[in-house]
Amino acid sequence: EMDQNLFPDDKGSAVLSYSEKEDRAVKRSIRQLKADIERTIGCRCEAETGGDGKADLCIEIGTIGISDGIDRLIRQGKLITDPIQDENGAYRWEGYVIQEVEGVLYIAGVDRRGTMYGVYELSRRMGVSPWHYFGDVPVRKRPFEISLGFYLADYPSVQYRGIFINDEEELEAWAKEHTADGTIGPELYEKIFELLLRLKANYIWPAMHVNYFNEDPRNGELADEMGIIVGTSHCDMLLRSNQNEWKPWRERKGYSDLNYDYSIEGKNRERIREYWREGLEQNRDYENTYTIGMRGIHDSGFVTSKIHENKELDEEGIRREKIKLMQKVFRDQREILQQVLGKERAENAVQTFVPYKEVLDLYDAGLDVPEDVTLIWVNDNFGHMRRYPDEKELGRKGGHGLYFHNSYWAHSEMCYLFINSIPLAQTGNELEKSYRKGIRKLWVLNAGALKPLEMDIEYFLRYGWEAGKEGAVTRDPQRFVQEWADYNFSGEIGSEAADLYEKYAQLTNVRKVEHLVSDAFS
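The rules we used
Residues numbered from 1 in each chain as written. Predicted model: local features only at pLDDT ≥ 70, side-chain atom pairs only at ≥ 80, totals over all residues. Heavy atoms only, no water. Core = buried A, V, L, I, M, F, W, Y, C linked by side-chain atoms within 4.5 Å. Buried < 20%, exposed > 50% of the residue type's maximum accessible area, 1.4 Å probe, protein only. Helix = DSSP H or I, 4+ residues; strand = E, 2+ residues; numbered from the N terminus. Pairing = 2+ DSSP bridges. Salt bridge = Lys/Arg side-chain N within 4 Å of Asp/Glu carboxyl O. Axes fitted to C-alpha atoms, helices over the stretch in contact; angles between N-to-C directions. Contact = heavy atoms within 4.5 Å.

Chemist: How do you make sense of the nonpolar core when you look at a structure like this?
Modeler: Among soluble globular proteins, nonpolar side chains are generally buried collectively. Counting residues in each nonpolar core, the largest one holds 125 residues, and the members touching the most others are F7, I59, I192, W276, F353, W443 and I457. Of the residues forming this core, the biggest block, 10 residues, is contributed by helix α10 (residues 315-341). In this structure, Y203, W205, C235 and Y403 belong to the second largest nonpolar core, which totals 15 residues.

Chemist: Honestly, the pairing of strand β6 (residues 151-154) in this entry has me stumped. Any pointers?
Modeler: Working note: regular strand, side chains alternate between the two faces of the sheet. With burial as the criterion, only one face of β6 is covered, namely that bearing L152 and D154; the residues Y151 and A153 on the opposite face remain uncovered. Where strand β4 (residues 96-101) lies against β6, 4 bridges are found, and the strand directions are antiparallel. Looking at β6, one finds that V97 is bridged to A153.

Chemist: In this structure, what is going on with the pattern of salt bridges? I would like to understand it.
Modeler: Opposite charge on two side chains lets them pair, provided their charged atoms get close. Applying the stated criterion across every chain, the model contains 43 salt bridges. Between R113 and E94 there is a salt bridge; the shortest N-O distance is 2.6 Å. Residue R113 is found in helix α3 (residues 112-126), and its partner E94 is found in the loop between α2 (68-75) and β4; the two are separated by 19 residues along the sequence. Taking the relative accessible area as the measure of exposure, E94 reaches 0% and is therefore buried.

Chemist: Help me out: how do you make sense of the sheet that holds β4 in this one?
Modeler: One key point about sheets: their strands pair by backbone hydrogen bonds, in either a parallel or an antiparallel sense. As summarised here, the arrangement of the 6 strands in space is β2-β1-β3-β5-β4-β6, forming an open sheet in which the pairing is mixed. Edge strands, defined here as strands with exactly one partner in the open sheet, are β2 (44-49) and β6. Looking at each pair of strands side by side, their axes are set apart by 15° on average, direction ignored. Across the sheet, α2 touches β3 (57-63), β4 and β5 (104-109), and the angle it forms with β5 is around 100°. Of the strands in this sheet, β3, β4, β5 and β6 touch α3, which is tilted by about 135° from β5.

And the structure:
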C-alpha cells in the first residue's frame, strides 16, 4: 500500500483546502500551487476554504495555531511535528511538515513562511524551477508521484537568508524594456520576491543605485503582502536609501543648508533625525530589519567635519570623538525606533550594525555596540571572510550575520560584475566556517543585477537553509552543480557540466576575466 500514488493523472482532479484566517502571503502561495499543479500534471485543481474535499486528491494547507484542522490533527497525534520542535518543545522558526494522513496530503507550517516553504517545496518536486521566470526554465509536464506514508519535515539553519540587489544597472535596463513600471519597481519586485520564496529565502536589501525602495510605497506593501523581510545595507540607516533618497527628501522639505553630518549639532542633527523617523513611519507596519550606525551618502566614510576642525585633537583624539559621536547616533536611532514602533516592538526588532571599512577601526578601538544588535561581518570582497566573532562577541544577545559578495563593484582592476569567479567550493568553505563559528542569525549575498548568478544565488541561499545538517547537498559543490544542471536543463548534462564548472572555477580564480590586461601572463 505504501507504493500507492496519491497524485492523480491529467484526467483527475485535486482540491487545495485552507482556512480563510490564513495570512494573505499564504493564500497567494496556494494560488500559485494551483497554477503549478495545472501546468505540471495537467489535472483540474480548485483552491477553496472549508471545502468538502471531493476530488481525487485533497491537499490541506495551514499554519499551526491558525488552521483548526491542522491543530486538531496535531492534538490527535496524527500529524508528527517533533522534527520541527526544539529540545524544549518550541516550534522552530519557518519549519514545515508535509505528511500524508488517511489519504489526504497535509502541508503545515510553524508560521506564514513555514507554510509557504512547504507549498513551494511541493511545487519544486513537481518540476517547477524557482528560475521558471528569470531563467526561462520550462515546467516539466509529467506524472508526479507521492506515495501513501509520505513524510517530510524541514526548517532553516540560518534565520534570515537573502540577497542584496546592487550595482543593478543591467537589471534596470531590462526592466525598462519589459515592465510597465519601466524600472526596478513593484512589477519586477513581485517576481524577485516569488523567486526568493521558491528558493526558501526570506530577506532582501533592495536595489539602491537606480532608484530607492521607499519612492513607491507599493514596494514595501508588496514585500509585506508576500512575506519578505526588508532591510538595508551597511551604508543605509533605518530603511533609508541615501544615494537616491536623501536629496529629494531634503529638497521636498526645503532644507537647502542641511548636511548628512551628525557632528553638526542643532537644527542639522534634528533634521537628520526627522529623515530617519519618516523612513520608519512609512514602513512601521511591516516586518523589517533596521541598520543602525552611520556612514556617508553612497557608501562614503563617516562624515564628521566638526571633529576634524578641532585643531587641538591628535589622531587618537579624533578617533575617541568619532566613537563618542557614533554612540550618540546609536542612542538617538534606538530612541526613534521606540517612538515609532513602540517600546516592545522596538526591543524585539532585529537591529544590525556592520563593522566595515573605517567603521571597523572604530569598533576595534572600543566602540560599544548595544548587545542586542546583530553584528554583520563582511568578506574581503573576494570570497574570504575577514574575521569571525570571538568568545566575548559570541555571547551577544543580538547574534551575528554575514555579508558576502558574488558581485563586486570598485575601480576597474578590482571589479567583477560580469560573472562571479569565486568558486562555489570556496564560498562553501567560508560559509561552513562562518556557521561553525557562530554566524547564524543573518546571511545576505551581494547578487549584483541577479543574472547571470542564478546558480551562485541558489547555492548561497540553500547553504543558509541546510548548514550543519546531515546530508546537506551544498557540502559537496560538485554534486550541487550536477543536480542543479540536471534539474534546470534537459539532456542529463549534470556530471559533464559539473566537471566543466570545476575547471572554469579554477581558471577564473587564478585571474578574473575583468582583470585581464595585456601583460597579465608572460
